[in-house]
Number of protein chains: 2
Amino acid sequence: MRWSSFYHTASRVFNDCPSWAKTVVVCSVISSGGLVAYCDAKPEYVNHESKKKKVVVLGTGWAGTSFLKNMKSNSYDIHVVSPRNYFAFTPLLPSVTCGTVEARSVVEPIRSITRKSGVNIHFSEAECYKIDNKNNKVYCRASKDKKLGGQEDFSIDYDYLVIAMGGRSNTFNTPGVQEHAHFLKEVDEALKIRHSVVDLFERASLPSLPVEEKKKLLSFVVVGGGPTGVEFAAELHDFVLEDMAKLYPSLKDYVKITLLEAGDHILNMFDKRITEFAEQKFARDGIDVRLGSMVVKVGENEITAKERASGQVVSIPHGMVVWSTGIGARPEVVEFMKQLGQVNRRALVTDEWLRVEGSDNIYALGDCATINQRRVMEDIAVIFSKADKNNSGKLDLKEFKDVVGDIIERYPQVDIYLKKNQMRDMASLLKKSQESNIIVDIEYFKEALSKVDSQMKNLPATAQVAAQQGVYLADCFNRMEECEKYPEGPLRFRGVGRHRFRPFRYRHLGQFAPLGGEQTAAQLPGDWISIGHSTQWLWYSVYTSKQVSWRTRFLVVGDWGRRFIFGRDSSKI
Amino acid sequence: MRWSSFYHTASRVFNDCPSWAKTVVVCSVISSGGLVAYCDAKPEYVNHESKKKKVVVLGTGWAGTSFLKNMKSNSYDIHVVSPRNYFAFTPLLPSVTCGTVEARSVVEPIRSITRKSGVNIHFSEAECYKIDNKNNKVYCRASKDKKLGGQEDFSIDYDYLVIAMGGRSNTFNTPGVQEHAHFLKEVDEALKIRHSVVDLFERASLPSLPVEEKKKLLSFVVVGGGPTGVEFAAELHDFVLEDMAKLYPSLKDYVKITLLEAGDHILNMFDKRITEFAEQKFARDGIDVRLGSMVVKVGENEITAKERASGQVVSIPHGMVVWSTGIGARPEVVEFMKQLGQVNRRALVTDEWLRVEGSDNIYALGDCATINQRRVMEDIAVIFSKADKNNSGKLDLKEFKDVVGDIIERYPQVDIYLKKNQMRDMASLLKKSQESNIIVDIEYFKEALSKVDSQMKNLPATAQVAAQQGVYLADCFNRMEECEKYPEGPLRFRGVGRHRFRPFRYRHLGQFAPLGGEQTAAQLPGDWISIGHSTQWLWYSVYTSKQVSWRTRFLVVGDWGRRFIFGRDSSKI
């Protein structure tokens, strides 16, 4: 009895401990070689009774979650609204489609993430269907199929609104896509694909089917040669080769994977050495890559594409089409853009501080937004006038150097231009000789800076950008009071004083493209590329470190190990 | 380059190895404390060109899978038909409902199981909708929603048919159950419950809801006080207490779990000490156990039950009802029973060799079947006559002893009766003194054996029974030729010679009832009961050993560890 009541008490105490305490106990029990799980829990939030600003965050994707994780200031009451109560590690979704990694391993409840932050954060599972920026209010609705007797709607007032709703799969209005194709943007979509793949194999193995029908069912068509489409095609190929071929030996020769890309190459955003390698590898693997193929229609049993080169229209019978061509704006965001007078833009337009144009307390980040970087040439006159402190009508080197830092900070395209043209600094732009004192007038100034704007590029809609924006914005919020008093941003060229914050600056850390067969391509800054098996291990380590919690880290690594030993499961659940 | 091409080659060779080889390599790499996974693969099946009998197996549950796993003879071509392409470890389904264990960890593809057996086994994912026993044919249909252009139907001829289709949840025709309640018999039903539980918490946390609505949403009603209902109620309680209370702290006091049982006690099939303990534990845990409550109706928002004692009708508001009251026959089985003239029976009737009554080449096992054990009193005259070798009209001890073994084998109720009445052997039944030669006539014989039939009980519809039946039947099939020549069964009392096989004899190994809070009750043969934390560890070890593959064993143990360290996930996927 003594042991059992000790056990009972110890068990209860143990269960009430935070994860870190539990793991310390477990680690001291588990011998060497066991898993080490260290969970960095923060102390509980202490409620200060000061007047807090109300921040409403819409979305629980990369941008929203990154923002929430990095909020440390107790000056805000934060209310998160999203139809999805978890964060999903989207780069691993192609791995989920074939069971390399389980869906549960790549998701983390948003409540669990925000609980650890120590800041007062509420969450409501609902969709925001209307933003009333004039009255600082958002209108939300829990899903329509909930039996709440009409109580699904509510509104929330805000002092600051952070829109991080993301985008949605873009069909380009191609007929039949919505009805007959699978998307690969959310966890439930990845699970649907997984279910369908096994279902197609089971159907194809029915004794009543002729061979032509089996081949049609086992024809997988992937539309979109970007990283998602390429990675999915590679995963599917490995799944068929390594797992399905053993369980459905009579069917493996009927499987065909086709990848349709409208452009001239797959992985267009990568270095061409990577593109070439990928295309050759896919050719060796038997994946039919059709470049310059624009899909015109998706039917229940076949997909029709027009070949740009020949103008020919080709029909491919299919068992499944996976559509991964990129994203477009969500209807709620389009609606809000109209309200603000933002028309004909692909996403919600913000300034370089992620603040929505036309508003002073609404921010937007991630896939739903795009930064409207001001052009140097738009502001050239005011820049010159700001720099020309003695109003002489001419700029000498000293005056110029005083504003160079602010110019580069305010207009990041300048820096990109300098690097691309291998110029050491802005002074080189002025193209004078090694004189100690360069003097230029405004016309010369304009001429010299006329090309920097050519380096302006919109930021890609990637997880990396969204995550960095979330960190940046949280940092601004955390230090808002301080920066109101002591602004740290660049000079206001069209106003007085300085901006409160430095503008958002994206730092590209590289990108991966897994190509199957334990080979990955990586492109890192500085034109450094790496392709092959060792890069696959780099991919494993980076993705392990990027997991949002120790639980998912543990599970993802466990899944990779499990797949290595036991293969992928093909139970149709 | 040399390393990378070596790696590439090694990787390819490694991937082509069977699991056992992979694990040997991995083990030699992983240091002490790593996981040991030993997979017992069998050599590939060699096709013999002899004429094989065609066996069709309907179902991939405990009975069907156990049969397939134990088939070793190469004399058969086996074709398995089931709408489910995997085996599910159903005793762990209550653990799946709350995320203690993941769904993927308790399933194994049937193709994977049969591949290891070394016998020629095909699988088709379809439903059998008609059995034509006169023509030895089954008619099957792949699911209706498949786009196969009318090719979903096919038929299969058989020499032997094994029906192992299981049962379905029995609603007892209670109105509203099908529309508004959750069942807990299949993996997808367990996942639906999991999704719904989190959904109810999310809805209850919306700011627009009054407290009464929150309480209604968080009222969970479980119908059925058997092991499944009790285990689910216990799991749900632990999930709320250990995980949801942390993420939804404002809601934990609104949660109510009610367990409705029509009988006088929960866990009726267990020893009353276990029943008592369970009822007290649930009372301490705050689970409202209402005994003698018969559900009369399930509505969208409330469930109505009649209390047998008072006759009062009570309505309980609910957010979710889980119905786990037992099973009934599937429509296809009922249809087949009508064909055979079996009416008013709860399941397909077979003889003691699992052969369907009215057929000589159709077998039925598991939940869909029930053994029609012949009564001793039905055959008393022929037994006596068979025993009375010298036709003297009287039985002496020696003649009696010659048939005792066969009687006990043929009529297992005799053995149960002897044990219950603490009689040493059958001779004690004859109640004579210690004379060396007992002589009885038929009237005395009838009188002595008249009570043994009172010990006849139908076998319960459990996984244990189904699994043992599968093993038994496979053993019969494996040795069919041999036993045709040299029958090893008991004497045919109503015929000539011996039966080919011994009848099926169920050996009860015990049963568990997990009660939550790391406590389980176990009842083992010989009236041995054990309740508490140590029994929980016994439960862990038994269920680990009973897993159908090393993969699921690894995953289930991993899940228990993961839950211990990180808790259960509540992402609503």
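Cut-offs and rules
- Residues numbered from 1 in each chain as written.
- Chains lettered and ligands numbered in written order.
- Predicted model: local features only at pLDDT ≥ 70, side-chain atom pairs only at ≥ 80, totals over all residues.
- Heavy atoms only, no water.
- Helix = DSSP H or I, 4+ residues; strand = E, 2+ residues; numbered from the N terminus.
- Buried < 20%, exposed > 50% of the residue type's maximum accessible area, 1.4 Å probe, protein only.
- Contact = heavy atoms within 4.5 Å.
- Areas by Shrake-Rupley, 256 points an atom, 1.4 Å probe, with all protein chains shown as cover.
- Expected span 1.5 Å × (residues − 1).
- Bend = angle between axes of the 7 residues up to and from the residue.
- Polar contact = N/O pair within 3.5 Å; in protein donor to acceptor, adjacent residues only side chain to side chain.
- Disulfide = S-S within 2.5 Å.
- Pairing = 2+ DSSP bridges.
- Axes fitted to C-alpha atoms, helices over the stretch in contact; angles between N-to-C directions.
- Domains from an automatic or database assignment.
- Buried area = accessible area lost by both parts, 1.4 Å probe.
- Salt bridge = Lys/Arg side-chain N within 4 Å of Asp/Glu carboxyl O.
- Nonpolar A, V, L, I, M, F, W, Y, C, P; charged D, E, K, R; others polar.

## Focus on the overall build of chain A
Here is step 1 of the chain: Within chain A, the regular secondary structure consists of 20 helices and 27 strands.
Here is step 2 of the chain: Counting all 573 residues of chain A, 54% fall into the buried class.
Here is step 3 of the chain: A separation of at least 24 residues holds for 64% of the contacts in chain A among residues at least 6 apart in sequence.
Here is step 4 of the chain: As presented, chain A carries roughly 26,000 Å² of accessible surface, and 52% of it is formed by carbon and sulfur atoms.

## Concerning helix H13 (residues 397–410) of chain B
For an α-helix the count is 3.6 residues per turn, leaving residues at separations of three or four pointing the same way.
Residue and element names in this part refer to chain B.
Here is step 1 of the chain: Compared with an ideal rise of 1.5 Å per residue, which puts 14 residues at 20 Å, H13 spans 20 Å between its outermost C-alpha atoms and is within 8% of the ideal.
Here is step 2 of the chain: Of all the bends found along H13, the most pronounced is centred on Val 403 and spans about 40°.
Here is step 3 of the chain: With respect to burial, H13 is a largely interior element, ten of its 14 residues being buried.
Here is step 4 of the chain: Listed as buried for H13 are Leu 397, Glu 399, Phe 400, Val 403, Val 404, Asp 406, Ile 407, Ile 408, Glu 409 and Arg 410.
Here is step 5 of the chain: Residue Asp 396 occupies the N-cap position of H13, its side-chain oxygen lying 2.8 Å from the main-chain nitrogen of Glu 399.

## What to know about the state of the cysteines
All names here are of chain B.
Here is step 1 of the chain: Summed over the entire model, instances satisfying the criterion amount to zero disulfides over all chains.
Here is step 2 of the chain: Between Cys 140, a cysteine without a disulfide, and Cys 128, which holds the nearest cysteine sulfur, the sulfur-to-sulfur distance is 4.8 Å.
Here is step 3 of the chain: Relative accessible area serves as the criterion here: at 0%, Cys 140 is assigned to the buried category.
Here is step 4 of the chain: Cysteine Cys 368 shares no disulfide, and the gap to the nearest cysteine sulfur, in Cys 128, comes to 11 Å.

## What to know about the sheet that holds strand E21 (residues 362–364) of chain B
Residue and element names in this part refer to chain B.
Here is step 1 of the chain: Sheet architecture is open: five strands sit in the order E5-E2-E1-E9-E21, paired in parallel fashion. Edge positions in the open sheet fall to strand E5 (121–125) and E21, since each of these has one partner strand only. Across the sheet, the axes of successive neighbouring strands diverge by a mean angle of 20°, strand direction being ignored.
Here is step 2 of the chain: Sheet topology note: the strand E9 (residues 160–163)/E21 ladder contains three bridges and is parallel. In the sheet register, Leu 161 faces E21, and the bridge partner there is Ile 362.
Here is step 3 of the chain: Taken strand by strand, helix H3 (residues 62–70) contacts strand E1 (53–58), strand E2 (76–82), E5 and E9, and its axis lies near 150° from that of E1.
Here is step 4 of the chain: Strand contacts of helix H17 (residues 463–478): E1, E2, E9 and E21, with the helix running at about 170° to E9, the strand carrying the most contacts.

## A word on helix H7 (residues 187–204) of chain B
Here is step 1 of the chain: Between the first and last C-alpha of H7 of chain B there are 26 Å, a value that for 18 residues agrees with the 26 Å anticipated at 1.5 Å per step.
Here is step 2 of the chain: Across the 18 residues that make up H7 of chain B, a large majority, 13, are buried.

## Description of the environment of Gly 495 of chain B
All names here are of chain B.
Here is step 1 of the chain: Topologically, Gly 495 is positioned in the loop between helix H18 (480–485) and strand E25 (511–516).
Here is step 2 of the chain: The class for Gly 495 is partly exposed, based on a relative accessible area of 26%.
Here is step 3 of the chain: Spatially, the C-alpha atoms of Gly 495 and Val 382 are 9.3 Å apart, while their sequence positions differ by 113 residues.

## Focus: the sheet that holds strand E27 (residues 528–532) of chain B
Residues and elements named next belong to chain B.
Here is step 1 of the chain: Taken in spatial order, the three strands line up as E25-E26-E27 in an open sheet, and their pairing is antiparallel. Two strands in the sheet have a free side with no partner beyond their single neighbour: E25 and E27. Here the strands of the sheet are splayed against their neighbours by 10° on average, with no regard to which way each runs.
Here is step 2 of the chain: Sheet analysis places strand E26 (residues 519–524) next to E27, joined by five bridges and oriented antiparallel.

## Regarding the domain arrangement of chain A
Residues and elements named next belong to chain A.
Here is step 1 of the chain: Domain annotation for chain A reports domain 1 (53–167 + 329–373 + 461–507), domain 2 (181–328 + 509–566) and domain 3 (375–457).
Here is step 2 of the chain: Listed by partner, the interface residues are 16 residues for domain 1 and 16 residues for domain 3.
Here is step 3 of the chain: Roughly 1,400 Å² is buried in total at the junction of domain 1 and domain 3, and carbon and sulfur atoms are behind 52% of that figure.
Here is step 4 of the chain: Together, Gln 373, Phe 493 and Arg 505 form the three largest contributors to the area buried by domain 1 at its contact with domain 3, with a combined 53%.
Here is step 5 of the chain: Between the two partners, domain 1 and domain 3, sit four salt bridges.
Here is step 6 of the chain: Considering only residue class, the side of domain 1 that touches domain 3 consists of six nonpolar, four polar and six charged.

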